[in-house]
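Listed below, chain by chain, are the residues.
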Amino acid sequence: QARLAAGPEDYARFGLTKGHVEPWEDGLRLDPGAPNIEWWYFDALLDDGAKLSVIHCTKDASRPHQPLEPLIEIDLDLPDGRRMSKYGRFRADEFSASREGCDVRIGEYVFAGDLHEYHITGKAEDLSAEVRLESITEPWRPETGYLVFGPDGETIFAWAPCVPMGRVTATYRLGAEAQGTTGIGYNADKV
């Protein structure tokens, strides 16, 4: 059984206010060493015709029962038809994240913001990106943002689109080639 956590008892359980997203909801919400995964996601449609996503993760989604194994995934679809998915893997001691708001660090790379403006950097193999995302909408979540599973709701999936739509200024690099562009993007925290 699965259900969207939408009742008063669900808001109380997760410490949330109906219709209002708090900065801590975009911070670290789970123990990254426990059997789970949490990630901070950005994607954009860029004015040069490319599609870019940068994801900072506590671990590989195919290995949620492992201890903390931070990684950065960068996906890039270029206008010429080339499609890339690259992964940068890091040591556990190279990861830090705030519980107060979005300030995630993996190695020298960052995913940080305040529900209105974000700075995102990442490198995965020969692909890197630097992004500034400025919100043009308010943060949102469907009810609590939690889907709960099982008879007692002990298993969860949570989603909070902190920037449902925003202006993007980005530079992506593939090897020695660099491309600066603008576009429209989105980001979310998922657990």
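Conventions we followed
Residues numbered from 1 in each chain as written. Predicted model: local features only at pLDDT ≥ 70, side-chain atom pairs only at ≥ 80, totals over all residues. Heavy atoms only, no water. Salt bridge = Lys/Arg side-chain N within 4 Å of Asp/Glu carboxyl O. Buried < 20%, exposed > 50% of the residue type's maximum accessible area, 1.4 Å probe, protein only. Helix = DSSP H or I, 4+ residues; strand = E, 2+ residues; numbered from the N terminus. Pairing = 2+ DSSP bridges. Phe/Tyr/Trp six-rings, centres within 6.5 Å; stacked < 30°, edge-to-face > 60°. Lys NZ or Arg CZ within 6 Å of the ring centre and 35° of its normal.

J.: Quick question: what am I supposed to make of the pattern of salt bridges here?
T.: Two side chains carrying opposite charge are able to pair once their charged atoms lie near each other. Under the defined criterion, the tally for this structure stands at 14 salt bridges. Between R83 and D77 there is a salt bridge, with the nearest N and O atoms lying 3.2 Å from each other. Judged by its relative accessible area of 67%, R83 is exposed. Exposure remark for D77: the relative accessible area of 18% places this residue in the buried category. Of the charged contacts, one joins K86 and D126 as a salt bridge, the two residues approaching to 2.9 Å between their closest N and O atoms. With K86 in strand 5 (residues 83-89) and D126 in the loop between strand 9 (117-124) and strand 10 (127-135), the pair connects residues that are 40 residues apart, well separated along the chain. In the salt-bridge network here, residues are joined through shared partners; they are R91, D93 and E94.

J.: What am I meant to see in the pairing of strand 12 (residues 155-174) here?
T.: A regular strand carries its side chains on alternate faces of the sheet. In the sheet, strand 10 pairs with strand 12 via 9 bridges, with the strands oriented antiparallel. Bridge pairing in strand 12 links S128 to R173. Across 4 bridges, the pairing between strand 11 (residues 146-149) and strand 12 is antiparallel. Counted as the bridge partner of F149 is T155 from strand 12. The turn linking strand 11 back onto strand 12 is made up of 5 residues, and G150 within it adopts a positive phi angle of 90°. Relative to strand 13 (residues 177-190), strand 12 runs antiparallel, the two being bridged by 12 bridges. Its bridge partner being in strand 13, V163 is matched across the sheet by N187. Hairpin connection from strand 12 to strand 13: 2 residues lie between these consecutive antiparallel strands, with G175 at a positive phi of about 60°.

J.: Just checking my understanding: could you explain the packing of aromatic side chains for this structure?
T.: Two descriptors summarise a pair of aromatic rings, namely the distance from one centre to the other and the angle between the planes of the rings. Applying the stated criterion across every chain, the model contains 6 aromatic pairs. Between the aromatic rings of F14 and Y146, the centroid separation amounts to 3.6 Å while the plane-to-plane angle is 10°, which identifies the pairing as stacked. Remark: Y146 occurs in strand 11 and F14 occurs in helix 1 (residues 8-14); sequence separation between them is 132 residues. Accessibility classification places F14 together with Y146 in one group, the buried group. Ring centres of F90 and Y109 lie 6.2 Å apart, and the angle between their planes is 70°; this geometry places the pair in the edge-to-face category. Of this pair, F90 sits in the loop between strand 5 and strand 6 (95-97) while Y109 sits in strand 8 (residues 109-113), placing them 19 residues apart in sequence. One exposure class covers both F90 and Y109, and it is buried. Across the ring face of Y41, the terminal group of K190 is positioned such that the distance to the ring centre comes to 4.9 Å.

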